[in-house]
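Breakdown of the fold
Given next are the chains, with one letter for each unit.
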Amino acid sequence: MTTPVMVVTVLVAGVITFLSRVSFLLRAAPAFEGWFGRFLDAFPVALFVSLAVVQGFAPDGSFEVGPGAAGLLVGVLTCVFTRRLAVVMLAGWLAALLADLVI
Amino acid sequence: MVLSSFRRGVRASLGVNAVVAGFGILYGVGAVQAGLPPLLAIASSLVILSGAAQFTAVALIGAGAGPFAVIVAVTGLGLRHLPMGAAIGRLVPDVPRAKRLALAYVLTDETFGLTMRAARDGEPHPEDFMLGANLTLVTGWVLGTVAGVGFGDILDVEALGAGALFALLFLGLARESMTGRRDVYTAVAAAGAAVVSIFVIPAAWRITVAGLATAAAGASLPPPRALHRAPQPGREDLA
């Protein structure tokens, strides 16, 4: 890909990303009752868990059980006892570093 | 603007955005290695401002993919912003359009999670809280990219487990978003859907498909009273 094509690609990607972000934000939103309201309630957990699992088990695109997955599993165990973000991250990160030394 | 809310957003996001800055370094290194000119790599962090989209784009460019493939992948990843925008929109019904545009520019997974949590905890001005969180995120992401582009050969953040930290960041945000058993069911279903997606869905679409499908399934569950005929007070709270 030449540099001018890269520049255009980045600009188009930026426009698409911004449009997806602004679509439901530009006007005052309704309360979204009913099914869509429940969908929006469930969406944050669904999104974050999907992000964590895909990043933890397929950091390079293919499924792998590496240090990141070990850290994620310890993080999940930590979640049983606390909901503090820093504690979950610290416990999982230490486990990932330890797994990296062992594996 | 309510400065106290803005400052709370800045404070709440500092730790998270330290991780984001580390990932920005990884992105800067990866972008240059993929063939992006240094200035374009930095500009992309300002224009796209989405780690998932940018990492996918540079991976495709580095692999020799054409612009159409990059745009399709970015579109797939960007679809998750639609319900994110709707969810934030519910929190800010009376905000002027200019501020809405500013909120939308930096509607990222991290600031979305922090803002939803703050609103749930009673933040009176989530729009100003989010602007504060957004400011630190943009700063961390762009400065991280600059550092990665300029000093990537001497900054080895991957050896410090930056990749694992990013997964843990989202796990922690998920945990903070969970308030009841329905969320536990949703989390378990999302984990299963995400694992399956790794095997059957192209990389750029996994997060969007798994997240949207699981949220749709969660929304279709019977109301809480039907799930638990005799709920005990306080049992819904996990904390």
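Residue positions are given per chain, counted from 1 along the sequence in the order it is written. Chains carry letters from A onward and ligands carry numbers from 1 onward, assigned in written order. Local features in a predicted model are, by the rule used here, given only for residues with pLDDT of at least 70; side-chain atom pairs are given and counted only at 80 or more, and totals for whole chains, interfaces and linings are based on all residues. Computation of side-chain values: all heavy atoms of the structure, hydrogens and water removed.

1. Points about helix H4 (residues 85-102) of chain A
Along its 18 residues, H4(A) runs 26 Å from first to last C-alpha, staying within 8% of the 26 Å computed at 1.5 Å per residue. Structurally, H4(A) contributes buried residues whose contacts are with helix H3 (67-81) of chain A together with helix H1 (3-34) and helix H9 (162-177) of chain B. What counts as a helix is a DSSP run of H or I of at least four residues, what counts as a strand is a run of E of at least two, and both are numbered from the N terminus. A helix is expected to span 1.5 Å multiplied by its residue count minus one. Any two residues having at least one pair of non-hydrogen atoms within 4.5 Å are treated as being in contact.

2. Notes on the packing of aromatic side chains
Within 6.5 Å between ring centres, the rings of Phe, Tyr and Trp (the latter by its six-membered ring) count as paired, and their orientation is classed by plane angle as stacked under 30 degrees, edge-to-face over 60, tilted in between. Per the counting criterion, the structure on display carries 13 aromatic pairs over all chains. Between the aromatic rings of A:Phe48 and B:Phe112, the centroid separation amounts to 6.0 Å while the plane-to-plane angle is 45°, which identifies the pairing as tilted. One end of the pair, A:Phe48, is in helix H2 (residues 34-57); the other, B:Phe112, is in helix H7 (residues 109-120), on a second chain. Look at B:Tyr27 and B:Phe55: their rings are 5.7 Å apart centre to centre, the planes differ by 80°, and that puts the pair in the edge-to-face class. Note that B:Tyr27 is positioned in helix H1 and B:Phe55 in helix H3 (residues 51-62), a separation of 28 residues in sequence. Only protein chains enter the accessibility calculation, which uses a 1.4 Å probe. A residue is then buried if its area is under 20% of the maximum for its type, exposed if over 50%, and partly exposed in between. Look at B:Tyr27 and you get buried, because its relative accessible area is 2%. Every member of this aromatic cluster is reached through a ring pair, and the members are A:Trp35, A:Phe36, A:Phe39, A:Phe43, A:Phe48, B:Phe23, B:Tyr27, B:Phe55, B:Phe112, B:Trp141, B:Phe166 and B:Phe170.

3. Quick notes on the domain arrangement of chain B
All names here are of chain B. The split of the chain into domains comes from an automatic or database domain assignment. According to the domain assignment, chain B contains domain 1 (3-158) and domain 2 (178-222). Here the C-alpha centroids of domain 1 and domain 2 sit 22 Å apart. Listed per partner, the contact involves nine residues of domain 1 and six residues of domain 2. Both sides together, the interface formed by domain 1 and domain 2 hides about 670 Å², and carbon and sulfur atoms give 78% of it. In terms of surface lost to domain 2, no three residues of domain 1 exceed Gly76, Leu77 and Arg80, which account for 46% of the buried area on that side. Salt bridge criterion: a side-chain nitrogen from Lys or Arg within 4 Å of a carboxyl oxygen from Asp or Glu. Counting across the domain 1 and domain 2 interface gives zero salt bridges. Accessible-area loss on putting two parts together, using a 1.4 Å probe and summing over both, is the definition of buried area adopted here.

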